Amino acid sequence: MTANQHEPQVVQVPYAQPHPWSRYVALGDSFTEGIGDPNPESVGGNRGWADRVAEELSRNHPGFAYANLAVRGRLLQQIADSQVGPALALKPDLITISAGGNDLLRPGGDPDRIAERLDALVQILGTNGATVMMLTGPDVRDTVLGSIRAKTAIYNENLRTIAARHDAVVADMWALRLLLNPQMWAPDRLHFSPLGHHTIAAMVLDTLAVEHTLEPLRPKELPAKSWRTARSEDFVWAREFFVPWVLRRLRHQSSGDGVTAKRPEPGTIFGPGMPPGAAD
């Protein structure tokens, strides 16, 4: 199946073994909020990998609830200050946290120091017995984020040490080689496309050993671009995405200014009872 085809209709099928979780809370930044995967039918207007995971976890699991506290642009300390406490108050038995990527992008972002702060958060998140999952950073060697590839690799190794120390789970995006395909990335080249989010969601569910209905989607082979076409696309990208990003940095602004969590309270993922989105 190719990327330009519609995603398959999901058929509810009984799982061989039901998973043990009933309340899932996702913490993080734009990646977990679902930026790059716009969907007007999703709460907050963005779907994303965490929503897709919650959709699968809720199938044939009555009473399953999901909250997503992630907000675009958040640094690790901001996630610690604004998301960890509310997350624990929701009493989840499954928590995912993807944080530190924005810190690595900052000048002087030290993957060891960032990991030290994350270590403390993971310890706190697991105090009530919840399963805690962290996601490694992807291999960004062929993307506009290539300059932080080495720091990402160091950070990922630190994540594995943290997971071993606190009995947490690691979902390994670095090892997900499909993410090297440009079609896995959104037009802004900073976030994942719907295809990328779908692929990551399937990997997360596989890591949790949860049977799911997400079929593998493969990117379509694209014809080679001429030099002129490639340069024209680079110019459009710089004008529409890179320059605004630089201006926000110069003005000490964040894409998340004024944005609140799209699913601050646990709720069903389908049908009545779904919360209204706040991340417009």
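See the structure above.
As a convention, each chain's residues are numbered from 1 in the sequence order in which they are written. Where local features are concerned, this predicted model is filtered to residues with pLDDT of at least 70; where side-chain atom pairs are given and counted, the filter is 80 or more; whole-chain, interface and lining totals use all residues. Values shown for side chains rest on all heavy atoms present in the structure; no hydrogens or waters enter the calculation.

## Focus: the overall build of the protein
Now for step 1: A run of H or I in DSSP counts as a helix once it spans at least four residues, and a run of E counts as a strand once it spans at least two, with each numbered from the N terminus. The number of helices and strands found in the protein is eight helices and six strands.
Now for step 2: When the elements of the protein are put in sequence order from the N terminus, they spell out β-α-α-β-α-β-α-α-β-α-β-α-α-β.
Now for step 3: Between two residues, a contact is recorded if the distance between any of their heavy atoms is within 4.5 Å. Put simply, of all contacts in the protein between residues at least 6 apart along the chain, 75% involve residues at least 24 apart.
Now for step 4: For the area figures, the Shrake-Rupley method with a 1.4 Å probe applies, and any residue is considered shielded solely by the protein chains shown. Of the roughly 13,900 Å² of accessible surface on the protein, 55% is carried by carbon and sulfur atoms.

## Observations regarding the sheet that holds strand 6 (residues 263-267)
Now for step 1: Each pair of strands is called paired provided DSSP finds at least two bridges between the two strands. Reading across the sheet, the six strands line up as 5-4-3-1-2-6 and stay open at both edges, with mixed pairing between neighbours. Strand pairing shows two members of the sheet lacking a second neighbour, strand 5 (169-171) and strand 6, which therefore form its edges. The sheet shows a mean angle of 15° between the axes of neighbouring strands, direction not considered.
Now for step 2: Pairing of strand 2 (residues 65-68) with strand 6, which is carried by two bridges, proceeds in the antiparallel orientation. Bridge pairing links Asn68 to Arg263 in strand 6. Every angle, taken between N-to-C directions, lies between 0 and 180 degrees, and every axis is a line fitted to C-alpha atoms, over only the stretch in contact when it is a helix.

## Here we look at the pattern of salt bridges
Now for step 1: Salt bridge, as used here, is a side-chain nitrogen of Lys or Arg placed within 4 Å of a carboxyl oxygen of Asp or Glu. Tallying each qualifying case throughout the model produces 12 salt bridges.
Now for step 2: One salt bridge in this structure joins Glu33 and Arg72, with 2.4 Å as the shortest N-O distance. A residue pair is termed long-range when its members are at least 10 positions apart, and Glu33 in helix 1 (residues 30-33) and Arg72 in the loop between strand 2 and helix 3 (76-89) qualify at 39 residues. In terms of burial, Glu33 and Arg72 fall into one category: buried.
Now for step 3: A salt bridge links Glu55 to Arg47; the nearest nitrogen and oxygen atoms lie 2.7 Å apart. For the pair Glu55 and Arg47, one class covers both residues: buried. Only protein chains enter the accessibility calculation, which uses a 1.4 Å probe. A residue is then buried if its area is under 20% of the maximum for its type, exposed if over 50%, and partly exposed in between.

## Looking at the nonpolar core
Now for step 1: With 68 residues, the main nonpolar core has Tyr24, Trp49, Ile97, Ile200 and Val204 as its most contacted residues.
Now for step 2: Every residue in contact with Tyr24, bar those within four places of it in the chain, is listed here: Trp49, Ala50, Val53, Ala54, Leu57, Phe64, Ala65, Tyr66, Ala67, Leu94 and Thr96. What we call a nonpolar core is a set of buried Ala, Val, Leu, Ile, Met, Phe, Trp, Tyr and Cys residues that are connected through their side-chain atoms within 4.5 Å.

## Describing the side chain of Asn102
Now for step 1: Structurally, Asn102 is set in helix 4 (residues 101-105).
Now for step 2: Classification of Asn102 by relative accessible area gives buried; the value is 14%.
Now for step 3: In contact with Asn102, other than residues within four places in its own chain, are Asp29, Gly73, Arg74 and Leu75.

## Here we look at the packing of aromatic side chains
Now for step 1: Within 6.5 Å between ring centres, the rings of Phe, Tyr and Trp (the latter by its six-membered ring) count as paired, and their orientation is classed by plane angle as stacked under 30 degrees, edge-to-face over 60, tilted in between. Evaluated as defined, the whole model comprises four aromatic pairs.
Now for step 2: Grouping aromatic residues by their ring pairs yields a cluster made of Phe31, Trp49, Trp185 and Phe192.

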